[in-house]
Amino acid sequence: MSMIEATKERISLDKRLSATSFDPQAEPDKHFKPELCKECLTKICTIACPAKLFEEAEDGTIVYTHEGCLECRTCDYVCQNFGNKGLIFGLPAGNFGVKYRFS
Amino acid sequence: MASEKVDVIIVGAGPSGSVAAWELAKKDLQVIVVERGAYPGAKNVSGARLYGYILPMIFPDGEWKEAPLERCITKEKVIFMTEKGAMAIEFYHKDFKKEPCNSYTVIRAKFDKWLASKAEEAGALVASGVNVDELVIRDGRVVGINAGGEIMEADAVILAEGALGLLAEKHGFREMPKPSEVAVGVKEVWSLSKDKINDRFNVEDGEGAVLHLAGFPSKGLRGGAFLYTMESVISMGVIFHIDSIPEIGKELNETIEDFRLHPYIFPLVEGGQLVEYAAKTVPEAFLLTDKFYGPGVLLTGDAAGFLFNLGFTVRGIDLAMLSGKLAAETIIELKNRNSLEPGSFALYEQKVKNSIIWRDYKVFKNAHKYLRDPKIYSEYPDLAVRLAKRIFEYDGTRAETIYQAIRRELSFIKLLKLGLNGLKGVKSI
């Protein structure tokens, strides 16, 4: 892990995420109903996820990267309330996923 | 499928699960705690502040003095912020240092590990890295857990799974909380030397400060920001309600950088090293469910919704520990009476309703409603900073008394309304 110092520069999210410990599992922990995501008008998961793991693909579906998931459930809450309910929320299997050390 | 039976299974090795395990194991009950994280605390994100009164209640023999407590909080700062300004009220009191301190900051990865180790010392088995898929229900009664196809049975299950509450929802103890009732906190943890933290917050060794901020970067939206001092790290972040997210107008992850780079905040963390970036959602409506127990199962801590948010006082860990203790006492009593039939678990409700949890809930039940007032998040912080600026600034063009400054910012009616609303706030939080 490289040192990330608090200077007056904004720090990219990728860099900030690199400070957190993860032990990602092989398989993604969340799934989608792509037909619902395609019709989703807000794609709110893409701005709400604190780790920005959701991206809109060209065909309007959502591409999700599970490495870096902070396991906060924000995506589930926003998708159910302001999205098109296309996300099937899940968490990594036991032992895997985020390992908070200072929180 | 292997099946074995113990006295009690506890889902989650957080503060409520580990306290329940400690109490039960001390009475020689066979207890297994299953924790999905690689170690207790691995999945926990918290302010994190613990109110000291609870420690001697759980550890009357003084074992709590070995607990990894970060700093004794002697300084509380309430800060109204705007993009360029900040108006702070600082409170210090020496009495906050009297043992046990009014409150301590804790790092959950350390504190939860310690608490789980106490449960282990008392004889409980803590199994980390085990994710529970569902509760096992037979004839309408919870009889155990299913973890990856492996069934384990017990006379009673304590559901101490925390704020995510997935099992509680799956089994109908609560519904998914409404977006107005859930807050998301995003946090950065910065490592700094102990001496630098002492200097920057003007505190003695072992003492610390907690900053509560309103107005920026959550301008106009329900939410706020916080900064907690640990022994040699600073934990800072932003909080938004889920229903505010569509209105932020930028990515959630950017707001915390706006906060860190605010000219009033930046010098506090300057030169620190980032050691963690974290996020968590917490349902804030106290008692998400009135069903915090069922046949064979008791819900504790955040899983049951035991959390008070009074704006500047957020209490969750103490309520979690207390509810863990009450759940353990319920099971011990039922076991002694040899009365584990499905209906008898209502004893837990009695115990909760006779406890500090319920007494305080009755006092604070309007706070949540009051904290929905959007004025708290924009109008008041703006007003506080504008008024303070008028009072402290002199540029040679105007002179005015404090009264004149107030009257220039506020009509008589507005002043009256502000007073009335302030009174409402004082009565509810």
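To be clear, the structure that these remarks concern was listed above.
Residues numbered from 1 in each chain as written. Chains lettered and ligands numbered in written order. Predicted model: local features only at pLDDT ≥ 70, side-chain atom pairs only at ≥ 80, totals over all residues. Heavy atoms only, no water.

Description of the pattern of salt bridges
Now for step 1: Applying the stated criterion to the full structure yields 47 salt bridges over all chains.
Now for step 2: Linking Glu56 of chain A and Lys43 of chain A is a salt bridge whose minimum nitrogen-to-oxygen distance equals 4.0 Å. Taken as a pair, Glu56 of chain A in strand β3 (residues 54-56) and Lys43 of chain A in the loop between α2 (34-38) and α3 (45-48) lie far apart in primary sequence, 13 residues in all.
Now for step 3: Lys5 of chain B serves as the salt-bridge partner of Asp155 of chain B, at 3.0 Å between the closest nitrogen and oxygen. Of this pair, Asp155 of chain B sits in strand β10 (residues 150-159) while Lys5 of chain B sits in strand β1 (residues 3-11), placing them 150 residues apart in sequence.
Now for step 4: Put simply, Arg386, Lys389, Arg390, Glu393, Arg398, Glu400, Arg408 and Glu409 of chain B are held in one network by salt bridges that share partners. (Salt bridge = Lys/Arg side-chain N within 4 Å of Asp/Glu carboxyl O. Helix = DSSP H or I, 4+ residues; strand = E, 2+ residues; numbered from the N terminus.)

Observations concerning a negative patch on the surface
Now for step 1: Taken together, the side chains of Asp195, Asp199, Glu204, Asp205 and Glu231 of chain B make up a negatively charged region of the molecular surface.
Now for step 2: Relative accessible area serves as the criterion here: at 36%, Glu231 of chain B is assigned to the partly exposed category. (Patch = residues over 30% accessible without salt bridge, like charges linked within 9 Å, V, L, I, M, F, W, Y side chains within 5 Å. Areas by Shrake-Rupley, 256 points an atom, 1.4 Å probe, with all protein chains shown as cover. Lys, Arg positive; Asp, Glu negative; His and termini not counted. Charge placed at Lys NZ, Arg CZ, Asp CG, Glu CD. Buried < 20%, exposed > 50% of the residue type's maximum accessible area, 1.4 Å probe, protein only.)

Details of the interface of chain B and chain A
Now for step 1: Each side of the interface is counted separately: chain B has 59 residues, and chain A has 45 residues.
Now for step 2: Together chain B and chain A conceal approximately 4,500 Å² of surface at their shared face, both sides included; 58% is due to carbon and sulfur atoms.
Now for step 3: Of all residues in chain B, Met176, Glu276 and Tyr277 of chain B bury the most surface against chain A, accounting for 15% of the area lost on that side.
Now for step 4: Across the contact surface, chain B and chain A share eight salt bridges.
Now for step 5: Between Arg16 of chain A and Glu188 of chain B there is a salt bridge, with the nearest N and O atoms lying 3.4 Å from each other.
Now for step 6: Counting the contacts that link chain B with chain A gives 32 residue pairs in polar contact (both at pLDDT 80 or more). (Contact = heavy atoms within 4.5 Å. Buried area = accessible area lost by both parts, 1.4 Å probe. Polar contact = N/O pair within 3.5 Å; in protein donor to acceptor, adjacent residues only side chain to side chain.)

Focus: the packing of helix α1 (residues 15-26) of chain B against helix α10 (residues 317-336) of chain B
Residue and element names in this part refer to chain B.
Now for step 1: Contact geometry for α1 and α10: axes closest at 7 Å, N-to-C directions at 35 degrees. Judged by the sense of rotation from one axis to the other, the crossing of α1 with α10 is right-handed. For the pair α1 and α10, the contacting residues are Pro15, Ser16, Val19, Ala20, Glu23 and Leu24 in the first and Ile317, Ala320, Met321, Ser323, Gly324, Lys325, Ala328, Ile331 and Ile332 in the second.
Now for step 2: When its residues are assigned to classes, the contact of α1 with α10 shows 10 nonpolar, three polar and two charged. (Axes fitted to C-alpha atoms, helices over the stretch in contact; angles between N-to-C directions. Left-handed = near helix turned anticlockwise from the far one by under 90°. Nonpolar A, V, L, I, M, F, W, Y, C, P; charged D, E, K, R; others polar.)

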